[in-house]
Amino acid sequence: MSHPPKSLWWDSLSQPLKIRESVDSNLELDVAIIGAGYTGLWSAYYLKQNEPNLKIGLIEANVAGFGASGRNGGWCSALFPVGLEKLAKQSDRQTAIRMQKTMFETVDEVARVIEKENIDAEWQKGGSYSIARDEIQLKRAKEEAAHFKEWGFSDDDFTFFNQTEATNRINAANILGTTFTPHCASINPAKLVRQLSDVVERMGVKIYENSKVTSFLKNKVFVNNYQINAKFIINATEAYRSNFKQYKRASIPVYSLMIATEPLSQVIWNEIGLKNRETFADYRNVIIYGQRTKDNRFAFGGRGAPYHYGSKIKSVFDQHARTHHDLLETLIDIFPVIKGVKVTHTWGGPLAIARDWAAHVTIDKNSNILSAGSYVGDGVGTSNLAGRTISDLILNKETNLTNLPWVQHKSRKWEIEPFRWIGVNSTLQMAKIADVVEKKFKKETFVTKLLSKLRGH
Ligand SMILES: Cc1cc2nc3c(=O)[nH]c(=O)nc-3n(C[C@H](O)[C@H](O)[C@H](O)COP(=O)(O)OP(=O)(O)OC[C@H]3O[C@@H](n4cnc5c(N)ncnc54)[C@H](O)[C@@H]3O)c2cc1C
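All values reported here derive from a predicted model rather than from experimental measurement.

Procedures and definitions
Residues numbered from 1 in each chain as written. Predicted model: local features only at pLDDT ≥ 70, side-chain atom pairs only at ≥ 80, totals over all residues. Heavy atoms only, no water. Near = heavy atom within 4 Å. Polar contact = N/O pair within 3.5 Å; in protein donor to acceptor, adjacent residues only side chain to side chain. Areas by Shrake-Rupley, 256 points an atom, 1.4 Å probe, with all protein chains shown as cover. Helix = DSSP H or I, 4+ residues; strand = E, 2+ residues; numbered from the N terminus. Pairing = 2+ DSSP bridges. Salt bridge = Lys/Arg side-chain N within 4 Å of Asp/Glu carboxyl O. Buried < 20%, exposed > 50% of the residue type's maximum accessible area, 1.4 Å probe, protein only. Phe/Tyr/Trp six-rings, centres within 6.5 Å; stacked < 30°, edge-to-face > 60°. Core = buried A, V, L, I, M, F, W, Y, C linked by side-chain atoms within 4.5 Å. Axes fitted to C-alpha atoms, helices over the stretch in contact; angles between N-to-C directions. Parallel < 35°, antiparallel > 145°, perpendicular 65-115°, else oblique. Left-handed = near helix turned anticlockwise from the far one by under 90°. Contact = heavy atoms within 4.5 Å. Nonpolar A, V, L, I, M, F, W, Y, C, P; charged D, E, K, R; others polar.

Peer 1: I'd like a description of the site of the ligand, backed by residues and values.
Peer 2: Taken together, 36 residues form the shell around the ligand, and within it Thr 39, Glu 60, Ser 69, Gly 73 and Val 380 come nearest. Contact distances for the ligand include 3.3 Å between an oxygen atom and a backbone N or O atom of Gly 74. Protein chains shield 97% of the accessible area of the ligand, which is 1000 Å² for the free molecule. Of all the secondary-structure elements, those providing two or more residues to the shell around the ligand are α2 (38-50), β12 (252-261), β16 (343-353) and α10 (379-394).

Peer 1: How would you summarise the pairing of strand β11 (residues 226-235) if you had to cite specific residues and measurements?
Peer 2: When strand β1 (residues 27-34) meets β11, the two strands line up parallel, connected through 7 bridges. Paired with Val 31 across the strands is Phe 232, a residue of β11. Taking the residues between adjacent antiparallel strands as the criterion, strand β10 (residues 220-223) and β11 are bridged by 2 residues, where Asn 224 takes a positive phi near 50 degrees. With 3 bridges connecting them, β11 and strand β18 (residues 369-373) associate as parallel partners. Residue pairing across strands places Ile 234 opposite Leu 370, the latter belonging to β18.

Peer 1: Describe the pattern of salt bridges, and please don't skip the residues or the numbers.
Peer 2: If you walk through the whole model with that rule in mind, you get 23 salt bridges. Salt-bridge contacts for Arg 112 lead to Glu 109; the nearest nitrogen and oxygen are separated by 2.9 Å. Of this pair, Arg 112 and Glu 109 both sit in helix α4 (residues 93-116), 3 residues apart, which is roughly one turn of the helix. Accessibility expressed as a relative area gives 39% for Arg 112, which makes it partly exposed.

Peer 1: Quick one: what's the story with the packing of aromatic side chains, residue by residue and with numbers?
Peer 2: Per the stated rule, a full pass over the model turns up 18 aromatic pairs. With a centroid separation of 6.1 Å and 35 degrees between ring planes, the pair formed by Phe 161 and Phe 180 is classed as tilted. You can see Phe 161 sitting in strand β5 (residues 159-162) and its partner Phe 180 sitting in strand β6 (residues 177-181), a full 19 residues away along the chain. With relative accessibility at 16%, the residue Phe 180 sits in the buried group. Centre to centre, the rings of Phe 280 and Phe 298 are 5.7 Å apart; their planes meet at 80 degrees, and the pair counts as edge-to-face. Linking Phe 280 in strand β13 (residues 279-282) with Phe 298 in strand β15 (residues 298-302), this pair joins segments that are 18 residues apart in sequence. Take Phe 280 and Phe 298: they sit in the same class, and that class is buried. Put simply, the rings of Trp 269, Phe 280, Phe 298, Phe 300 and Phe 335 touch in pairs and so form one group of aromatic residues.

Peer 1: Would you mind going over the nonpolar core in detail, with residue names and values included?
Peer 2: With 70 residues, the main nonpolar core has Val 31, Leu 58, Ile 234 and Trp 406 as its most contacted residues. By size, the runner-up hydrophobic cluster in this structure holds 29 residues, among which are Phe 180, Leu 264, Ile 268 and Val 341.

Peer 1: Let's hear about the pairing of β10: which residues, and what values?
Peer 2: Alternating positions in β10 separate cleanly, Val 221 and Val 223 being buried on one face and Lys 220 and Phe 222 remaining unburied on the opposite face. Sheet analysis places strand β9 (residues 213-217) next to β10, joined by 4 bridges and oriented antiparallel. By the bridge assignment, Val 213 is partnered in β10 with Val 223. Here β9 folds back onto β10, and the loop between the two strands holds 2 residues, one of which, Asn 219, carries a positive phi near 65 degrees.

Peer 1: Help me get a handle on the packing of α2 against α10, residues and values and all.
Peer 2: Running from amino to carboxyl end, α2 crosses α10 at an angle of 40 degrees, the nearest separation of the two axes being 8 Å. Classified by the angle between their axes, α2 and α10 sit oblique to one another. Every pair of crossing elements has a handedness; the one defined by α2 and α10 is right-handed. Within the contact between the two elements, α2 uses Tyr 38, Thr 39, Trp 42, Ser 43, Tyr 46, Leu 47 and Asn 50 and α10 uses Gly 379, Val 380, Ser 383, Asn 384, Gly 387, Arg 388, Ile 390, Ser 391 and Ile 394. Considered class by class, the residues forming the contact of α2 with α10 number 7 nonpolar, 8 polar and 1 charged.

Below, the structure written as C-alpha cells:
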C-alpha cells in the first residue's frame, strides 16, 4: 500500500488519512484524469463546475496530493517559467503581457475558490521578496525591476526597495536591496491539495487512489487488469510523465528539496521581519525559496540535488543529506539569528522541466488526450490556469485562456542518455560553482547568462 510522503505539510494535516477506493472494475467515463495533484484536481473542479453532468474519474497511483502538489514550497505565485521575451517570440508583445497579467489574476482566482469552498490552506497573500546580498545580485535585482518597467508593469506589480527599505521588511544579513511583487501568497500546500480533493469529490467527481495507470492511448486507460474507456484523457502526472513510454523524453524530473525548522520565537521574528508572511528568494544561480509558515517556522527549499540517470524517480531521492545540510547553512547565512534552531523536517520531490523550459497545456484533437505541466517549480498558481484552460478546451470553448501562448506549445525532446544525465548534472554543477565564484570574486560568470537564455528571461 502507498503512503503519503514525509513532510512538514503532511504532518500538519488534522484529518487522519482515509485512503479512497482503487479501480476494481472496467469503467466508462467522459473524462479520465491521470494524477490527483493540483493539475488533475483543478481540471476536474472547473470541468464539473461548467458541465455538472460530466462523468469524471481521477485515477491516482498513490493518494491525492502525493506528488509535488502536497510537498512544495507553498508559494502560490504569478511566476511563469518562460520569460516575457520568449513568450513574445512565441506570440507577440501584447500576448506576452496578457499571459503575465493572467498569471497575476490566477493568484486571486485561487484565493477566490479557497474562500468560496471554505478551504483552510493557511493562505496569506503577503507578496514575495527577491533579495540581493552582494553587488552582483543587486545589479540583477535592479535589472529585473527595470525589465518589468520596460514591459509596461508598474511598481504595483514589481518594484525595487533600497537597502534601508529592504532591511525594514526582511532583515537578512548583508542585504543591499530587494525586489518585491505583491502577486504571491504563502500557503500550506498539502492542506490545499487534500481539501481540494474533498471539494471535487463532493461535486461528484470520483477519485480512485492506489490505482497506477500502466499505459494509455486514445480513449483507453489501463490500470492493472482493468480498462477505463473515456472520451477525453488528461495526463496530469507532471514530473512522473516521463514514466510513460510516449513521454519518456518530454520532460525531466528534477528534485527540489526542503527543510522546516521548529517554530521560532516572536523575538526572532521581530528581528527578521516578514510580517505578512511574504515568501522570499534571492538572485543566486541555484534557486532557493522560503516562507514563514502560519505556525512561525521557516519552510525553506532549493535545487541542487542531482538528476538521476534515466529520469528515475524513487522515494529515497526525496532525501539527500548534502543538499539538506547546504539548505540549513544557507538559511543561517541569510538569517544568522536562527543559528542553533532545530530542523524538524527534511523532504523533497520531483518537478518537471521541458527541454526549452516551457510549461504547456495541449490537446491532441485526434486522440482527445490532453496534457499540462512542465511548470519548472512554478506550478502552484500555474496549475490552476491549466485546469481552467483544460476545461475550456474539452468543452470546445474559445476563450481568452485557450489562445494564450503556452496552449498547444510543443517542446523539443530531451537528449537520450547518457547525454541527458551528463548535460543536466554538469549544468547544475556549473551553477553551483558560479555561485561560489561570484560570491568570492564579485564577478558575474557566463553561467548566469546561459541559465537566463535557457529560461528566456
Ligand atoms: C519540493 C518542491 C517545492 C516546490 N515549490 C513550489 C512553490 O513554492 N511554488 C510553486 O508554484 N511550485 C512549486 N513546486 C512545483 C509544484 O509543486 C508543481 O509544479 C505542482 O504541484 C505540479 O502539480 P501537478 O498536479 O501537475 O503534479 P503532481 O502534484 O506531481 O501530481 C501528479 C500526480 O500524478 C500521480 N501519478 C504519477 N504517475 C501516475 C500513474 N502512472 N498513474 C496514476 N497516477 C500517477 C502522482 O502520484 C501525483 O500525485 C515545487 C515542487 C517541489 C517538488
